[in-house]
Amino acid sequence: MPSTANPLDKEVLYVRYGERYKWYVMAVVALGTIGAVLLSTGFNVAVPALMKHFGIGGEEVQLAVTSFMVANTIAMLPTPWLIQRFGLRRSFLWATVLLIVASLLGSISPTFPLLLAARVAQGISAGIMYPIGSYVIMLLFPANKQGRASGLFGFAIVLAPAVSPALGGVLIDNFGWESVFFLSLPFSLLALLGAWRLLPTLITQKAANFDWLGMTLLSVMTMALLGCVTHLKGVSGGNTLIFGETLLAVAALLWFLRHAARNPGAIINMEMFRRRSLTMGMTISFIYGFGIYGSTYLIPLYLQTIIGLSATRAGGVLVPGGLALALTLPLAGFLSDRTSPRLVVIAGLFMLAASFAGLWLVSARNSADYFIELTTLGRIGSGLIIASLTQGAMQGIHGHLLGQAAMFIGYIRQLGGVLGVACLAVFVGWRAASLGGTPADHCQAFAEGFLISLVIFIVALVAAYRMKAEEPAIA
């Protein structure tokens, strides 16, 4: 080996570590992603504490949840270009640094607007990190090992968040809401060290000019949709603001489709949508994000505001489901390699639908009976979907479309999640008020929120049945 070889060249690292190297890279990316995910899943149990501390209502504090999700949804869009222009190493390192700094600033925020700013910065960092895991797996691992790699990657990501609601509850009850921002720091610091030592310095490719117009149009559409949903509460259907936001979202989408169809360098290549498996996979990803993020917001809120549990106990109810999700992922990855990923996705959606059917029936009785069992069933279904959906949707995609497909599946899932949290939060508040505003009315509103999640997962099952098992490869 020449003495002038860069010790961080990909080829040098492969010689040094052998076939283990790709697993080391995946572990480093997983650590960083864990830090980002913790800030999403662990934050929900802090909602009541934030309302009390800052003297704000549910609509205002919901912004702390949705601002994070909107920021990471939009930040996903330039990730393929960032990797191409600056390389995997620098993109990941700077995203990790931003996450650490934003977490520290969030913990000392004296006002709610500053806390929102910290959440936006965290969301930007998370949005860059989320697609990198799928990108690394599809790039480094052969097709017959991608399911297992996805399962193990998912196992690492969800194992820590499995206990984050309970851990976050303990921290909040004993040290205040500020402590929830510290959940991610150990993982982020380890990821920073690992990335510095292990991620390769690739020769920067000549990146195409970034599609700023495409990103702007998709960002405008995302913000307009969120604004439209947020302003629905207490506003008549003919309200000018809602009409204007809806019109803006539709106009931005149509303009983007026209732009992408005419511009080969668009941020989203329309060639991807010629594959029914990918299109159906994106449909499922959107619905999955809507239902799972929306319900993750509703469940701890229901347990604390309706049942009266503390933050610690409410988080504890979710721990068994989180552990079941983590343990399901390696098995789901193995099944995806040995059978059709489409069948694994369908099984997961059936479990999620059954879980929400149970939550609907139980919550209508103002009860938390069987919540642990029902959430565990749903999380097992989530594990089957997480480990198999990307593999099933992206089979046969190579070259420059690989990064775009990985990014867009993550983007569409997060967009569904943003709308899921906003829609279900607005629906529960509006429905409770329209029924009369009594405790029983609030209970009924939560039950109907779980019913909405049940219905949309049934729609996702239809999309899963329409996924094709095999299609010609494209690059």
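For the structure, see preceding data.
S.K.: What am I meant to see in the overall build of the chain here?
M.R.: A tally of helices and strands in the chain yields 16 helices and zero strands. By residue count, 57% of the 475 residues in the chain fall in the buried class. Long-range contacts, defined as pairs at least 24 residues apart, comprise 84% of the intrachain contacts of the chain with a sequence gap of at least 6. Here the chain displays about 19400 Å² of accessible surface, and carbon together with sulfur accounts for 68% of that area.

S.K.: Explanation requested: a nonpolar patch on the surface in the structure shown.
M.R.: Taken together, the side chains of W94, V97, V101, L105 and I108 present a nonpolar region at the surface, about 530 Å² in accessible area. Assignment of secondary structure puts W94 in helix α5 (residues 79-107).

S.K.: Would you mind showing me how to read the environment of G42 here?
M.R.: Take G42: it is sitting in the loop between α2 (21-41) and α3 (47-54). Take G42: its relative accessible area is 0%, and that puts it in the buried class. Spatially, the C-alpha atoms of G42 and F181 are 8.8 Å apart, while their sequence positions differ by 139 residues.

S.K.: Would you explain helix α11 (residues 276-305) in this entry?
M.R.: Since the α-helix packs 3.6 residues into each turn, any two residues three or four apart lie on the same face. The end-to-end C-alpha distance of α11, which contains 30 residues, comes to 43 Å, matching closely the 44 Å that a straight helix rising 1.5 Å per residue would cover. When you tally the buried positions in α11, you get 25 out of 30 residues, the bulk of the element.

S.K.: Help me out: how do you make sense of the side chain of S103 in this one?
M.R.: On the secondary structure map, S103 appears in helix α5. What makes S103 buried here is its relative accessible area of 0%. A distance of 2.8 Å separates a polar atom in the side chain of S103 from the backbone oxygen of L99. At 3.4 Å, the side chain of S103 forms a polar contact with the side chain of S184. Here S103 is in contact with L39, Q122, F181, S184 and L185, once residues within four sequence places are set aside.

S.K.: Just checking my understanding: could you explain the pattern of salt bridges for this structure?
M.R.: Once the charged atoms of two side chains with opposite charge are near each other, the side chains can pair. Going through the model one piece at a time under the given rule, you end up with one salt bridge. Among the salt bridges present, the one from R431 reaches E448, with a minimum N-O distance of 2.7 Å. Taken together, the positions of R431 in helix α15 (residues 400-435) and E448 in helix α16 (residues 439-465) put the pair 17 residues apart, joining distant regions of the chain. A relative accessible area of 16% means that E448 is categorised as buried.

S.K.: Sorry if this is basic, but what is going on with the nonpolar core here?
M.R.: The nonpolar side chains of soluble globular proteins are, as a tendency, buried together. The biggest cluster of nonpolar side chains holds 134 residues, and the ones touching the most others in it are F92, L115, L349, F371 and Y411. Residue contributions to this core peak at 16 residues, all from α15.

S.K.: Explain the environment of S336 here, please?
M.R.: Position of S336 among the secondary structure elements: in helix α12 (residues 311-338). Assessed through its relative accessible area of 2%, S336 is described here as buried. Each C-alpha atom, one on S336 and one on L384, is 8.8 Å from the other, the two residues being 48 residues apart in sequence.

S.K.: Looking at this structure, I do not really get the packing of aromatic side chains. What am I missing?
M.R.: When we look at a pair of aromatic rings, we describe it by the centre distance and by the angle of the planes. Following the criterion strictly, the structure yields 12 aromatic pairs and no others. Ring plane angle 10° and centroid distance 5.4 Å describe the contact between Y302 and F371, whose orientation is recorded as stacked. Separated by 69 residues along the polypeptide, Y302 in helix α11 and F371 in helix α14 (residues 371-394) bring together distant segments of the chain. For Y302, a relative accessible area of 0% gives the class buried.

S.K.: Please clarify how the environment of L218 should be interpreted in this entry.
M.R.: The residue L218 is located in helix α9 (residues 212-230) in this model. Residue L218 is classed as buried on the basis of its relative accessible area of 3%. L218 sits 38 residues away from F256 along the chain, and the two C-alpha atoms are 7.1 Å apart. Filtering out sequence-adjacent residues up to four positions away, L218 remains in contact with L77, F256, I267, I268 and Y411.

S.K.: I keep staring at the side chain of S382 and nothing clicks. Help me out?
M.R.: Along the chain, S382 falls in helix α14. With relative accessibility at 1%, the residue S382 sits in the buried group. Among residues more than four places away in sequence, those in contact with S382 are Y288, I292, L325 and L352.

Rules used in this analysis
Residues numbered from 1 in each chain as written. Predicted model: local features only at pLDDT ≥ 70, side-chain atom pairs only at ≥ 80, totals over all residues. Heavy atoms only, no water. Helix = DSSP H or I, 4+ residues; strand = E, 2+ residues; numbered from the N terminus. Buried < 20%, exposed > 50% of the residue type's maximum accessible area, 1.4 Å probe, protein only. Contact = heavy atoms within 4.5 Å. Areas by Shrake-Rupley, 256 points an atom, 1.4 Å probe, with all protein chains shown as cover. Patch = residues over 30% accessible without salt bridge, like charges linked within 9 Å, V, L, I, M, F, W, Y side chains within 5 Å. Salt bridge = Lys/Arg side-chain N within 4 Å of Asp/Glu carboxyl O. Expected span 1.5 Å × (residues − 1). Polar contact = N/O pair within 3.5 Å; in protein donor to acceptor, adjacent residues only side chain to side chain. Core = buried A, V, L, I, M, F, W, Y, C linked by side-chain atoms within 4.5 Å. Phe/Tyr/Trp six-rings, centres within 6.5 Å; stacked < 30°, edge-to-face > 60°.

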